Amino acid sequence: MKYVIDIDGTICEEVGEVIGRPPYKDRIEYINKLYDDGHTIIYITARGLQSGRGEKHYRTITEQQLKEWGCKYHELTFKSHDADVFIDDRAVNIEEFFEKS
């Protein structure tokens, strides 16, 4: 299976500045297990869209965070929208998803 996983608010707290956000280690461990089991992991983020700094500014920072947090993944992508509500027919509520672990 292919899992597309948002970063802020999903695998780390979404408070304050991007640098220094505490990771949710239990969630990262769960996702890393999916990776180890052969699933494709794609992290997605809207970092830089509101500030106008964009992917160029945030890619290096985000890649470093993922490395420091021990995240295993196949791809990091920056989404082209900045929604407060994301509606998708394949969406999964993060609380329900991580309760199963």
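Further up the page is the structure itself.
Computed from a predicted model, the values in this text were never measured in an experiment.

Rules used throughout
Residues numbered from 1 in each chain as written. Predicted model: local features only at pLDDT ≥ 70, side-chain atom pairs only at ≥ 80, totals over all residues. Heavy atoms only, no water. Buried < 20%, exposed > 50% of the residue type's maximum accessible area, 1.4 Å probe, protein only. Helix = DSSP H or I, 4+ residues; strand = E, 2+ residues; numbered from the N terminus. Pairing = 2+ DSSP bridges. Right-handed = clockwise from strand over helix to strand, strands pointing away. 1 Å grid on protein atoms, 1.4 Å probe; cavity = no way out; pocket = protein on both sides within 12 Å on 5 of 7 lines; lining within 4 Å. Points joined across faces, edges and corners; volume = space filled by probe spheres on them. Nonpolar A, V, L, I, M, F, W, Y, C, P; charged D, E, K, R; others polar. Expected span 1.5 Å × (residues − 1). Arc of directions from axis to C-beta. Contact = heavy atoms within 4.5 Å. Polar contact = N/O pair within 3.5 Å; in protein donor to acceptor, adjacent residues only side chain to side chain. Disulfide = S-S within 2.5 Å.

Novice: I keep staring at the pairing of strand E1 (residues 2-6) and nothing clicks. Help me out?
Specialist: In regular strands, side chains alternate between the two faces of the sheet. Of the two faces of E1, the one holding Tyr3 and Ile5 is buried and the one holding Lys2, Val4 and Asp6 is not buried anywhere. As paired elements, E1 and strand E2 (residues 40-45) share five bridges and run parallel to each other. Opposite Asp6, over in E2, you have Ile44 as the bridge partner. Handedness of the crossover joining E1 and E2 through helix H1 (residues 25-36): right-handed.

Novice: Explain the layout of surface pockets here, please?
Specialist: Take a probe with the size of a water molecule and roll it over the atoms, and the empty space left behind shows itself. Roughly 1500 Å³ of volume is contained in the largest pocket. Lining the largest pocket are 39 residues; nearest its centre among them are Ile5, Asp6, Thr10, Ile44 and Lys79. Only E1, E2 and helix H3 (94-99) provide two or more residues apiece to the lining of the largest pocket. Counting residues per element, the lining of the largest pocket draws most heavily on E1, at five residues. Split by residue class, the lining of the largest pocket holds 18 nonpolar, nine polar and 12 charged.

Novice: Got a minute to help me understand H1 in this structure?
Specialist: The α-helix winds at 3.6 residues per turn, so residues separated by three or four positions along the chain end up facing the same way. The terminal C-alpha atoms of H1, which comprises 12 residues, lie 16 Å apart, in line with the 16 Å expected from a rise of 1.5 Å per residue. Of the positions making up H1, those classed as buried are Arg27, Ile28, Ile31, Asn32 and Leu34. One face of H1 carries all of its buried residues, which in axial projection span an arc of 150°. Structural note: H1 exposes Lys25, Asp26 and Glu29 on the side pointing more than 90 degrees away from its buried face. Contact partners of the buried residues in H1: E1, E2, helix H2 (54-69) and H3.

Novice: For this particular structure, what's the right way to read the side chain of Arg47?
Specialist: Here Arg47 is to be found in the loop between E2 and H2. Take Arg47: its relative accessible area is 5%, and that puts it in the buried class. Of note is the side chain of Arg47, whose polar atom sits 2.9 Å from the side chain of Thr62. Setting aside its immediate chain neighbours within four residues, Arg47 contacts Ile7, Asp8, Cys12, Val18, Gly54, Tyr58, Thr62, Gln65, Trp69 and Phe78.

Novice: What's the story with the state of the cysteines in this structure? I'm lost.
Specialist: Each disulfide is one covalent bond, formed between the sulfur atoms of two cysteines. According to the stated counting rule, one finds zero disulfides in the structure shown. Cysteine Cys12 is unpaired, with the sulfur of Cys71 as its nearest cysteine sulfur at 8.9 Å. Assessed through its relative accessible area of 10%, Cys71 is described here as buried.

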